[in-house]
Amino acid sequence: GAAIQLENLTKRYPGGAVPAVDNVTMDIKAGEIVILVGPSGCGKSTTLKMINRLIEPTAGRITIGDEDVTNIDPVRLRRKVGYAIQSSGLFPHMTVAQNIALVPKMVGWSRGKIKNRVEEMLDLVGLDPREFHGRYPRQLSGGQQQRVGVARALAADPPVLLMDEPFGAVDPITRDHLQDELIRLQHELHKTIVFVTHDFDEAIKLGDRIAVLRERSHIAQFDTPEAILTN
Ligand code: ADP
Ligand code: ADP
């Protein structure tokens, strides 16, 4: 894993009357799962997108593993950060294997290494490589798509994983199963994970620490599940 620091992070969208994220400071330790939980519209996705440099902060600083990523080269960022989102974000015109191979290719892995890695990732998320590698996203169930989304995020072995409601679109049983797998994965791979949800039960189940957010990502509480449940 790698530690992540957010310092006075602010995002004001063009035309926004108030900032979507206002002056957020947070220290995330290497190897922990931090959950950002809060109501819809409180700025969770905006915060995650700033860490992944998909949008520019209006002000503030982001450090990942001692490196200021404010002006980092995008390919270098892909080595550091994997990203999985609710809708799975798979490219519909690419097969499962091509989707998973995307970032390893981008960062220059050899063909042989990528081929092995795709199989390894499918195994990891519980999909038989022989059955799934040549399928297109539309030929998968929602839960299978989300597994592929997670496999893709992990493919280039980044120390940091950002997950934005990655299990939001699946039925409760599959969701429970994917949550268990994420916990297992975390124990094996020791990634630093920032996980966004509006589901408090999911936050309690998955988090090493939980940041309870109010409007504009104001941090109301940042503590372990045990401490949050007793307060
Ligand atoms: P959450 O992930 O907690 O639901 P978001 O980060 O998506 O919240 O949104 C935070 C606030 O920023 C909301 O008020 C939302 O309407 C606004 N917002 C999000 N994206 C944009 C955008 N591209 N342009 C303008 N406002 C946005
Ligand atoms: P966009 O689709 O908004 O132009 P990008 O080109 O940055 O975004 O990303 C292309 C695809 O790769 C998206 O579907 C996104 O979900 C995924 N992606 C974005 N950032 C990462 C990352 N750090 N690691 C893995 N996949 C990513």
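Please refer to the structure placed before this passage.
These numbers were taken from a predicted model, which means no experiment stands behind them.

Draft legend 1. Representation of the site of ligand 2 in the model. Taken together, the residues surrounding ligand 2 are Asn52, Leu54, Arg78, Val81, Gly82, Tyr83, Gly89, Phe91, Val103 and Arg152. Within the backbone of Tyr83, one N or O atom sits 3.4 Å away from a nitrogen atom of ligand 2. A distance of 3.4 Å is found between an oxygen atom of ligand 2 and a side-chain nitrogen or oxygen belonging to Arg152. Here ligand 2 loses 65% of its free accessible area of 530 Å² to cover by the protein chains. Looking at which element gives the most residues to the shell around ligand 2, the answer is strand β6 (residues 81–85), with three residues.

Draft legend 2. Highlighting the site of ligand 1. Every residue close to ligand 1 is listed here: Tyr13, Ala20, Pro39, Ser40, Gly41, Cys42, Gly43, Lys44, Ser45 and Thr46. Tyr13 is positioned with one of its side-chain polar atoms (N or O) 3.4 Å from a nitrogen atom of ligand 1. Lys44 is positioned such that a nitrogen or oxygen atom in its side chain is 2.9 Å from an oxygen atom of ligand 1. Look at ligand 1: alone it shows 560 Å² of surface, and the protein chains cover 54% of it.

Draft legend 3. Spotlight on the environment of Val125. Residue placement: Val125 occurs in the loop between α4 (111–124) and α5 (129–132). If we skip the residues at most four places from it in the chain, Val125 touches Arg147, Val150, Ala151 and Glu181.

Draft legend 4. Structural context of the pattern of salt bridges. Per the stated rule, a full pass over the model turns up 16 salt bridges. Between Arg209 and Glu32 there is a salt bridge; the shortest N-O distance is 2.6 Å. With Arg209 in strand β9 (residues 209–213) and Glu32 in the loop between β2 (21–28) and β3 (33–37), the pair connects residues that are 177 residues apart, well separated along the chain. Judged on exposure class, the residue Arg209 and its partner Glu32 are both buried. The partner of Arg147 in a salt bridge is Glu181, and the shortest N-O contact between them spans 3.2 Å. Pair noted here: Arg147 is in helix α6 (residues 142–154) and Glu181 is in helix α7 (residues 172–189), with a separation of 34 residues, a long-range link. For Glu181, a relative accessible area of 12% puts it in the buried group. Residues participating in the shared-partner salt-bridge network are Glu7, Arg61 and Asp68.

Thresholds applied
Residues numbered from 1 in each chain as written. Chains lettered and ligands numbered in written order. Predicted model: local features only at pLDDT ≥ 70, side-chain atom pairs only at ≥ 80, totals over all residues. Heavy atoms only, no water. Near = heavy atom within 4 Å. Polar contact = N/O pair within 3.5 Å; in protein donor to acceptor, adjacent residues only side chain to side chain. Areas by Shrake-Rupley, 256 points an atom, 1.4 Å probe, with all protein chains shown as cover. Helix = DSSP H or I, 4+ residues; strand = E, 2+ residues; numbered from the N terminus. Contact = heavy atoms within 4.5 Å. Salt bridge = Lys/Arg side-chain N within 4 Å of Asp/Glu carboxyl O. Buried < 20%, exposed > 50% of the residue type's maximum accessible area, 1.4 Å probe, protein only.

Geometry only, nothing functional implied.
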